[in-house]
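An overview of the molecular structure
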Amino acid sequence: MAFSTEPGTARYAWVITEDLDNPYDEDLDGLALPTRVGLSGPSQATEEEILRALRTGAFFRLRDDDANTYYIGRCWCADGPGAPEMFGPLGDWGRADVGATEIQYRAGGRWEAL
C-alpha cells in the first residue's frame, strides 16, 4: 500500500493508544469524561497516514511539569525520527488538552525527551 505525501496531506500522523488519566469512558458525578484512546491528528492527516502511525510509528508519551504521564501513543513522520514534526502530538493537542509540557519517545528501552 502506498502512502500519500501530496500537498494538503500531513507529513506526519499520531494516535493516542493509552489514556492513563481516563482509560474508560466514565461519568463521574455527572461529568462525562470520554477516553482519548483512538484520538488522532493532525486534522489534515489521511486515514492511511493514521494507520501508518498506528502500525509503524514511534511510541511517545505526553507529560506535564510534575512528570505526570497522561497519554501514550504512536507517531509517524515522513522525515523520520527526530524531525520537528515529531513534536506534533504535543503542539497539536497535548498542551491544550491536559497542559502537557513534554513529549518523550521510547528509544532503546528508555523514554527520552525530544
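Model, not experiment: these values are computed from the prediction.

1. Brief notes about the overall build of the protein
- Regarding its fold elements, the protein presents two helices and eight strands.
- Overall, the protein shows an N-to-C arrangement of helices and strands of β-β-β-β-α-β-β-α-β-β.
- Across the 114 residues in the protein, those meeting the buried criterion constitute 34%.
- Within the protein, residue pairs in contact and separated by at least 24 positions form 59% of the contacts whose partners lie at least 6 positions apart.
- Accessible surface computed for the protein: about 6,600 Å², of which carbon and sulfur atoms make up 49%.

2. Focus on the nonpolar core
- Counting 16 residues, the largest nonpolar core has W14, F60 and L62 as its most contacted members.
- Contributing elements (two or more residues each) for this core: β1 (12-19), β5 (58-63), β6 (69-77), α2 (88-98) and β7 (102-107).
- When residues of this core are assigned to their parent elements, the largest contribution, four residues, is made by β6.
- In this structure W14 touches L39, S40, G41, P42, A53, F60, R74, C75, G88, P89, D92 and W93, once residues within four positions along its chain are discounted.
- Within the second largest apolar cluster, five residues are counted, among which are A13, V15, A53 and W76.

Calculation notes
- Residues numbered from 1 in each chain as written.
- Predicted model: local features only at pLDDT ≥ 70, side-chain atom pairs only at ≥ 80, totals over all residues.
- Heavy atoms only, no water.
- Helix = DSSP H or I, 4+ residues; strand = E, 2+ residues; numbered from the N terminus.
- Buried < 20%, exposed > 50% of the residue type's maximum accessible area, 1.4 Å probe, protein only.
- Contact = heavy atoms within 4.5 Å.
- Areas by Shrake-Rupley, 256 points an atom, 1.4 Å probe, with all protein chains shown as cover.
- Core = buried A, V, L, I, M, F, W, Y, C linked by side-chain atoms within 4.5 Å.

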